[in-house]
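Results of the structural survey
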Amino acid sequence: MTNSNDNKKSLKSFYWLWAILTALGIAVSLYAPGYLMPESMSQTMHLSVLTMVVFSVAAAPVAAGVYAAALYILRNWTHKGDSVPAAGPAFRESGKVVITWTLTSVLLTVFLLIWGLGALAADSAGSTANPLVVKVVGQQWVWSFEYQGQNGTTVMSNDLYLPKGREVLFHVTSLDVTHGFWAPQMGTQVDANDETITDLHVTPNKLGTFDVRCTQFCGLNHAFMVTQGHVLTPSAFTTWLNAQPARS
Amino acid sequence: MTTTLEHKAPVIKHEGGGLARHQNFLTAMIGGVAGAFIAWAISHHFFAQDVRTTSDAVAVLTGCGWIVGFWLGIGALNAPLAWLIGSDQTRKDQLYYAGEDQGTKRYWKYCTDHKVVGVQYIVMTMVLLGAGGILAMAIRTELIVPGNHFVDQQVYNGFIAVHGMLMILALIVAVAGPWGNFVVPIMCGAKDMAFPRLNALSLWTLVGAAGLLLTTLAVGSLTMGWVVLAPITDQAGVGMDFFALAILVFTVSTTVAGVNTICTVFTMRTKGMTLERLPIMVWGAIIAAALGLYAFPYFSLVEALQILDRTFSTSFFIGNAGGTGWLQANLFWLMGHPEVYVILIPAVAAVFEIAAVMARKPVFSYRTAVAGMVGLAGLSILVWAHHMFTTGWAPTLGGPFMVTTELISIPTGLFFLVLIGTLWRGNIWMKLPTVWVFGFIANFIIAGITGIYLSDIPIDNQLHGTMFVTAHFHYVFVGSVLFGAIGALAFWYPKVTGRYLDEKLGRISFWLSFIGVQVTFLAMFISGLRGMPRRYASYAFIFEHTNFISTMGAYMIMAGMLVLMGAVIYCWNHGEPSGSNPWHANSLEWLVSTPPPLENFDVLPVVTEDPYNFGKELVRS
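This one's a predicted model, so the numbers in the text were calculated from it and none came from an experiment.

Examining the environment of A:G95
Its place among the elements puts A:G95 in helix α3 (residues 95-124). Taking the C-alpha atoms as reference, A:G95 lies 58 Å from A:V137; in sequence the two are 42 residues apart.

What about the sheet that holds strand β3 (residues 154-157) of chain A?
Residues and elements named next belong to chain A. Across the sheet, which stays open at both edges, the five strands sit in the order β3-β2-β1-β5-β8 with mixed pairing between neighbours. Of all the strands in the sheet, the pair left with one neighbour each is β3 and β8 (198-202). On average, each strand axis in the sheet is tilted by 25° relative to the strand beside it, whichever way the strands run.

Topic: the sheet that holds strand β7 (residues 188-192) of chain A
All names here are of chain A. A sheet is described by the order of its strands in space; here five strands give the open sequence β4-β10-β9-β6-β7, paired in mixed fashion. The open sheet has two edge strands, β4 (160-163) and β7, and neither has a second partner. The mean angle between the axes of side-by-side strands here comes to 25°, regardless of whether they run parallel or antiparallel. Direction of pairing for strand β9 (residues 208-214) relative to strand β10 (residues 227-232): antiparallel, over a ladder of five bridges. Within β10, the residue paired with D211 across the bridge is Q228. Each of β4 and β10 touches helix α4 (residues 234-243); the most contacted strand, β4, lies at about 140° to it.

Considerations on a nonpolar patch on the surface
Residue and element names in this part refer to chain B. There is a patch of nonpolar side chains on the surface, built from F37, I38, W40, I42, F46, F47 and L61 and spanning about 720 Å² of accessible area. For the nonpolar patch, the leading source of residues is helix α1 (residues 25-46), giving five residues. As for its placement among the helices and strands, W40 is situated in helix α1.

Examining the side chain of B:T368
Within the element layout of this structure, B:T368 appears in helix α13 (residues 366-380). Taking the relative accessible area as the measure of exposure, B:T368 reaches 12% and is therefore buried. Reaching out from B:T368, the side chain makes a polar contact with the side chain of B:S365 at a distance of 2.5 Å. Discounting chain neighbours no more than four positions away, the residues touching B:T368 are A:V98, B:L414, B:L417 and B:V418.

Some details on unusual backbone geometry
Where the residue is not glycine, phi is negative for most of them; where a peptide bond is considered, it is trans in most cases. The residue after A:Q140, namely A:W141, is reached through a cis peptide bond having omega 0°. Relative to the helices and strands, A:W141 resides in the loop between β1 (132-139) and β2 (142-148). With a phi close to 60°, B:R535 is a non-glycine residue in the positive phi region. By the secondary structure assignment, B:R535 is in the loop between α19 (503-529) and α20 (544-574).

Notes on the packing of helix α12 (residues 325-359) of chain B against helix α15 (residues 409-423) of chain B
Residues and elements named next belong to chain B. Between α12 and α15, whose axes approach to 8 Å, the crossing angle comes to 15°. With respect to α15, the element α12 is oriented roughly parallel. Pair α12 / α15 crosses with left-handed handedness. Two secondary-structure elements touch here, α12 through V348, V351, F352, A355, A356 and A359 and α15 through F415, V418, L419, T422 and L423. For the contact of α12 with α15, the residue count by class is ten nonpolar, one polar and no charged.

Rules of the game
- Residues numbered from 1 in each chain as written.
- Chains lettered and ligands numbered in written order.
- Predicted model: local features only at pLDDT ≥ 70, side-chain atom pairs only at ≥ 80, totals over all residues.
- Heavy atoms only, no water.
- Helix = DSSP H or I, 4+ residues; strand = E, 2+ residues; numbered from the N terminus.
- Pairing = 2+ DSSP bridges.
- Axes fitted to C-alpha atoms, helices over the stretch in contact; angles between N-to-C directions.
- Contact = heavy atoms within 4.5 Å.
- Patch = residues over 30% accessible without salt bridge, like charges linked within 9 Å, V, L, I, M, F, W, Y side chains within 5 Å.
- Areas by Shrake-Rupley, 256 points an atom, 1.4 Å probe, with all protein chains shown as cover.
- Salt bridge = Lys/Arg side-chain N within 4 Å of Asp/Glu carboxyl O.
- Buried < 20%, exposed > 50% of the residue type's maximum accessible area, 1.4 Å probe, protein only.
- Polar contact = N/O pair within 3.5 Å; in protein donor to acceptor, adjacent residues only side chain to side chain.
- Parallel < 35°, antiparallel > 145°, perpendicular 65-115°, else oblique.
- Left-handed = near helix turned anticlockwise from the far one by under 90°.
- Nonpolar A, V, L, I, M, F, W, Y, C, P; charged D, E, K, R; others polar.

So, in structure tokens, the structure goes:
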């Protein structure tokens, strides 16, 4: 009892569906990350949003292809009626299809890797010789920031102040449990670990305020371990720094 | 070690008598509570009260007392203890433990029949998912509006941990437990598992571990997410001890189950059942079992060292005493990422199996399907540090781990190829299992693509630790694994009960769950993209709308799950009779009667081809 109907249909509507869904996916990909993600205030964040867009665009035809295939199958090849469906065509292998599919996914993956590794390198390469060093200290459940003031004094603040256009190097640590130091508008984060200093660098390129949040679960008031950051002009930053009382 | 052949000493001499004939879940609970109490009383009495670690040591010993008492009470140790005093089980004893002529009572017992264990796993999975689901609803209800209103913050944090762990346990066993036990041995043409007693042991050890985990909620003082990494664990009370012990005991269960599955498939296949003729489901079961055998020892190790830190003041993970939390993080994720595929692979394999039968076609490119699963399992052991991209540990390893992680999209892509290829040009039989398969496809593509973002370090530096990650892995676990598991349930339910899972209720459940998943987790992606971190008990007003939507979606999923649960319970005795082979499939489990007899086959079948030649009439001797 083999199936006389070989279930071959014109694939035209499948290709149309694929094209429409891909176009839709690309449109969303171009628009959504920039719209949904926080305002970009650094090159790092800009790169992060851009990478979201690029990856989404690359993934759109794949997702659209799978959805189009699933919908096309549902539209054309579902068995009608209550009877037991006859056997479908018994093809088991298609070397051509497997190789095409695998090669395509390898190529896509390689593209994503090249882009990702390039973005990673571009972001790490930005270190200048003279960054502003800010020590970030997390403890349950507050952030504090330490700056070098005039004449070797230490200035402390619970808000984070950064000058625009200068690279900032954060030395991040914790006094108790692990916290996660994250500034969403800066597009980067690193954990604050007890007994350890981790580095993070960023160059703010836009004036304004930004958020600082904790991304590692740190106990009772984890949700409230937030503070504000401010990007100032270099001169305003110097004025602010000099106006702070020095800590011995 | 020799025993004489004529040596025969039955453990229980007279029929129907002896304490061991009366052991069941109730005696196990009594034994467990008694064991816990005895261990608590002794340790509480003798340990010095002024030492910091005393309460932890007492808690660990109490937990050990529970599990030993539970094992004794259920009868898990009867056979080994009897063997120690020189008496072996007779054939009659074995049949008793296999549940012969005991009706439904055997489902409450230490039963060695793999089909009974399978049913027990169905119930256990539903209990775990139900408990974890209640916690999920509590969490989502707390997050319905900004601010802290419904659940105390400390309690909320405990809920986050226990919800996570319960769901992980539930999903590890959701497919491999019920169907790895019920159908895989029959699919191979075996009369039972290779080690029937170990099979029962794995199930009842899981029950014991779940008891410990729920105790955590009762004693409270657990204040971290499910990953529970040092140093914050140092601040947790005795809830942490029960949590660690629960995991330690659980790894015993999975190890025993994994060894059993692999041995069964490799040694007990019937004549003619070559590896290439195995139903694809069997491959999924053994690949996941093998991966589990690699991964779970790390889990045991993490928890054992953690318990030592807490009870003997060692400092493996305590930074200010010379240890490092990063050691724990590494060990944990060496387990943690393979574990995701221990969960995923059986569900994928079940979906392949259902797709082939329902499309009335062979699995497309069977070898690619197997290679994809093996490739995924192999890669998964090389990617653990992508969970640690933002910790600051080994920044120069970021690149290599990014490479291995993104390579995962290749075997994952093969799964879609196999699925689409299998359904392509088929005569798709749109029954309840098929519906869940299509739901799986739709959700799994979203799960996969959002994973690609997180594998990329520049994006992960932004999204790590946010609700985006939570939404991503819920698309994996709920949207994909749970949908696959429910498809498998709908598919094999008639083999267990002789009745269909109700088509109409099942479809209502599907649409509620499917729409619920999209609403909940698409909105959660947006919360994450907009900057909301995970594990928040409260949040800023900018996250208000998306969280409200997520909560509404979560209620829809709950409604869907309740309908499904109602259908599973109702149809067990009142569903439409299905006969022994409702899907007209060819694999061996459909060729035995329903329910399958004890020991499955009177005469072991001889297999001449794989089960996917739907064009031919079935040959039944």
